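# Descriptive analysis of the structure
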Amino acid sequence: NDEHVKYAVESLRWCDSLVLVYPTWWYNIPAILKGFFDRCFVPGVGFRYNKELGMREVGLQNIQQVGILTTYGFNNLQIATSGDAGRRMISGGMRMLFATDCTMSHQAMYNLQDPNLTREDRVEFLDDVEGKFEKW
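Keep in mind it's a predicted model, so treat the numbers as computed, not measured.

### Considerations on the overall build of the chain
Counting its regular elements, the chain contains 5 helices and 5 strands. With the principal axes as the frame, the chain shows a C-alpha extent of 60 × 30 × 30 Å. Considering the chain as a whole, with its 136 residues, one finds that 35% of them fall into the buried category. Of the roughly 8,800 Å² of accessible surface on the chain, a fraction of 55% belongs to carbon and sulfur atoms. Treating the 14 positive side-chain charges of the chain as one cloud and the 17 negative ones as another, the clouds have centres 7 Å apart.

### With respect to the packing of aromatic side chains
Applying the stated criterion across every chain, the model contains 7 aromatic pairs. With centroids separated by 4.8 Å and ring planes inclined at 5°, the aromatic side chains of Y72 and Y110 adopt a geometry described as stacked. Taken together, the residues Y72 in the loop between β4 (65-71) and α3 (76-82) and Y110 in the loop between β5 (103-109) and α5 (119-134) connect sequence positions 38 residues apart. Chaining the aromatic ring pairs together yields one cluster made of F36, F37, F41 and F98.

### Topic: the environment of R87
Of note, R87 is situated in helix α4 (residues 85-93). Sequence spacing of R87 and Y27 is 60 residues, and the spatial spacing of their C-alpha atoms is 9.0 Å. Residues contacting R87, with those up to four places away along its chain left out, are Y22, G92, H106 and Y110.

### What about the sheet that holds β4?
Taken together, the 3 strands give an open sheet; going across it, the order is β1-β4-β5, and neighbouring strands pair in parallel fashion. Across the chains shown, the open sheet's two edge strands, defined by having one partner strand only, are β1 (17-23) and β5. Each neighbouring strand pair of the sheet contributes to a mean axis angle of 10°, computed without reference to strand direction. Bridge analysis of β4 against β5 gives 7 bridges, and the strand direction is parallel. Residue Q65 lies in a different strand from β5, and its bridge partner there is T103. Where α4 meets the sheet, its contacts fall on β1, β4 and β5, and the angle it forms with β1 comes to roughly 170°.

### Points about α5
Taking 1.5 Å per residue as the helical rise, α5 with its 16 residues ought to reach 22 Å, and the 22 Å between its terminal C-alpha atoms agrees with that figure. Along α5, the positions that sit buried rather than exposed are F125, V129 and F133. Axial view of α5: buried residues confined to an arc of 65°, hence all on one face. Seen from the buried face of α5, the exposed residues on the opposite side, beyond 90 degrees, are R119, E120 and E134. Residues of α5 that are buried in the fold lie against β1, β4 and β5.

### Observations concerning a nonpolar patch on the surface
Taken together, the side chains of V19, V21 and W136 present a nonpolar region at the surface, about 270 Å² in accessible area. If you trace the backbone, V19 turns up in strand β1.

Analysis parameters
- Residues numbered from 1 in each chain as written.
- Predicted model: local features only at pLDDT ≥ 70, side-chain atom pairs only at ≥ 80, totals over all residues.
- Heavy atoms only, no water.
- Helix = DSSP H or I, 4+ residues; strand = E, 2+ residues; numbered from the N terminus.
- Buried < 20%, exposed > 50% of the residue type's maximum accessible area, 1.4 Å probe, protein only.
- Areas by Shrake-Rupley, 256 points an atom, 1.4 Å probe, with all protein chains shown as cover.
- Lys, Arg positive; Asp, Glu negative; His and termini not counted.
- Charge placed at Lys NZ, Arg CZ, Asp CG, Glu CD.
- Phe/Tyr/Trp six-rings, centres within 6.5 Å; stacked < 30°, edge-to-face > 60°.
- Contact = heavy atoms within 4.5 Å.
- Pairing = 2+ DSSP bridges.
- Axes fitted to C-alpha atoms, helices over the stretch in contact; angles between N-to-C directions.
- Expected span 1.5 Å × (residues − 1).
- Arc of directions from axis to C-beta.
- Patch = residues over 30% accessible without salt bridge, like charges linked within 9 Å, V, L, I, M, F, W, Y side chains within 5 Å.
- Salt bridge = Lys/Arg side-chain N within 4 Å of Asp/Glu carboxyl O.

The following block contains the structure:
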């Protein structure tokens, strides 16, 4: 009944690309993004269960590419050591909801807590992001 969810689901059903932009908190996605996933990627949208075949079928075959744009407070080694749960969830488990040949792009800015991070570092990151997504 939530109009926002209805609008999001309608959008997910026609789009060919999905870009997720979020800060990584405690090595995972923010709770509000998890809530969005829980409310929008439900049975009948993200997947369907085919009783005749006895298996799950992809619900969003139209999504051909997914982009992740995120920030981390720690460096990439610390994030890798932690397991990077948000990235794993999206590129692993959620990928099964999209087209079989769906491509994934992960753009991340690390070390946001580093006092030596400069404006130039941030501008360089944004330029890289712009270059990557221009091709979409």
